[in-house]
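In case you want the letters, here they are:
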Amino acid sequence: MSGRKETVLDLAKFVDKGVQVKLTGGRQVTGTLKGYDQLLNLVLDEAVEFEREQDDPLKLSGKTRQLGLIVCRGTAVMLVSPTDGTDEIANPFQSDGAGA
């Protein structure tokens with residue numbers, strides 16, 4: 001057995017590609033992954049934060065904030081997903097008020 005520790009995520013395939021990162025506390029950012037380490041610290045370029053509603057922190061407000069080059073601390077990273085090949089769809093479990 002080698003002395004090298006394997007990580008669960010293989011982020012090498014996402015370097016220089018667009019990724020979406022969800023962080024603890026509800027923050028959500030997208031950007032170009034420029035680098036990472038074994039602790040899951042991420043370096044994102046051209047990062048954009050999606051702001052949340054003040055009264056409902058689970059809903060996105062539609063506003064964005066340009067952040068530029070950022071470092072996401074690995075302990076705060078909850079999810080990393082590619083932005084290419086993904087689309088946002090309506091929540092099929094959310095009731096729109098029409099009863100069946």
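Parameters and conventions
Residues numbered from 1 in each chain as written. Predicted model: local features only at pLDDT ≥ 70, side-chain atom pairs only at ≥ 80, totals over all residues. Heavy atoms only, no water. Helix = DSSP H or I, 4+ residues; strand = E, 2+ residues; numbered from the N terminus. Buried < 20%, exposed > 50% of the residue type's maximum accessible area, 1.4 Å probe, protein only. Contact = heavy atoms within 4.5 Å. Areas by Shrake-Rupley, 256 points an atom, 1.4 Å probe, with all protein chains shown as cover. Salt bridge = Lys/Arg side-chain N within 4 Å of Asp/Glu carboxyl O. Polar contact = N/O pair within 3.5 Å; in protein donor to acceptor, adjacent residues only side chain to side chain. 1 Å grid on protein atoms, 1.4 Å probe; cavity = no way out; pocket = protein on both sides within 12 Å on 5 of 7 lines; lining within 4 Å. Points joined across faces, edges and corners; volume = space filled by probe spheres on them. Nonpolar A, V, L, I, M, F, W, Y, C, P; charged D, E, K, R; others polar. Pairing = 2+ DSSP bridges. Axes fitted to C-alpha atoms, helices over the stretch in contact; angles between N-to-C directions.

Caption draft 1: Spatial organisation of the overall build of the protein. Assigned secondary structure in the protein consists of zero helices and five strands. Listed N to C, the secondary structure of the protein is β-β-β-β-β in terms of helices and strands. Looking at the protein residue by residue over its 100 residues, the buried ones come to 25%. Long-range pairs, those at least 24 residues apart, make up 42% of the contacts in the protein between residues at least 6 apart in sequence. In the form shown here, the protein has an accessible surface area of approximately 7,800 Å², with 51% of it arising from carbon and sulfur atoms.

Caption draft 2: A look at the pattern of salt bridges. Inspection of every chain in the model, using the stated rule, returns three salt bridges. Put simply, Asp16 and Lys34 hold a salt bridge, and the shortest N to O gap is 3.1 Å. Taken together, the residues Asp16 in the segment before strand E1 (18-23) and Lys34 in strand E2 (residues 28-36) connect sequence positions 18 residues apart. For Lys34, a relative accessible area of 41% gives the class partly exposed. One salt bridge in this structure joins Arg65 and Glu49, with 2.6 Å as the shortest N-O distance. Here Arg65, found in strand E4 (residues 60-72), pairs with Glu49, found in strand E3 (residues 42-52); they are 16 residues apart in sequence, far enough to count as distant. Here Arg65 falls in the partly exposed class, since its relative accessible area comes to 38%. Among the charged side chains, a salt-bridge network with shared partners connects Arg27, Glu49 and Arg65.

Caption draft 3: Summary view of the environment of Asp37. Checked against the element boundaries, Asp37 lands in the loop between E2 and E3. Each C-alpha atom of the pair Asp37 and Leu11 lies 9.3 Å from the other, and the pair is 26 residues apart in sequence. For Asp37, the side chain forms a polar contact with the main-chain nitrogen of Asn41, separated by 3.0 Å.

Caption draft 4: Spotlight on the layout of surface pockets. Approximately 570 Å³ is the volume attributed to the largest pocket. What lines the largest pocket is a set of 16 residues, among which Lys22, Gln28, Leu60, Glu88 and Ile89 lie closest to the centre. If you list the elements that add at least two residues to the lining of the largest pocket, you get E1, E2 and E3. Split by residue class, the lining of the largest pocket holds four nonpolar, seven polar and five charged.

Caption draft 5: Inspection of the side chain of Glu49 at higher detail. By relative accessible area, which is 8% here, Glu49 ends up buried. Among the polar contacts listed, one links the side chain of Glu49 to the side chain of Arg65, at a separation of 2.6 Å. Aside from chain neighbours lying at most four places away, what touches Glu49 is Arg27, Gln28, Val29, Lys63, Thr64, Arg65 and Leu67.

Caption draft 6: Up close: the sheet that holds E1. Overall, antiparallel pairing links the five strands, which are arranged E4-E3-E2-E1-E5 in an open sheet. On the outer flanks of this sheet lie E4 and strand E5 (77-82), each paired with one strand and no other. Mean inter-strand twist for the sheet, computed between neighbouring axes without regard to direction, equals 30°. With five bridges joining them, E1 and E5 adopt antiparallel strand pairing. If you follow Val21 over to E5, its bridge partner there is Val80.

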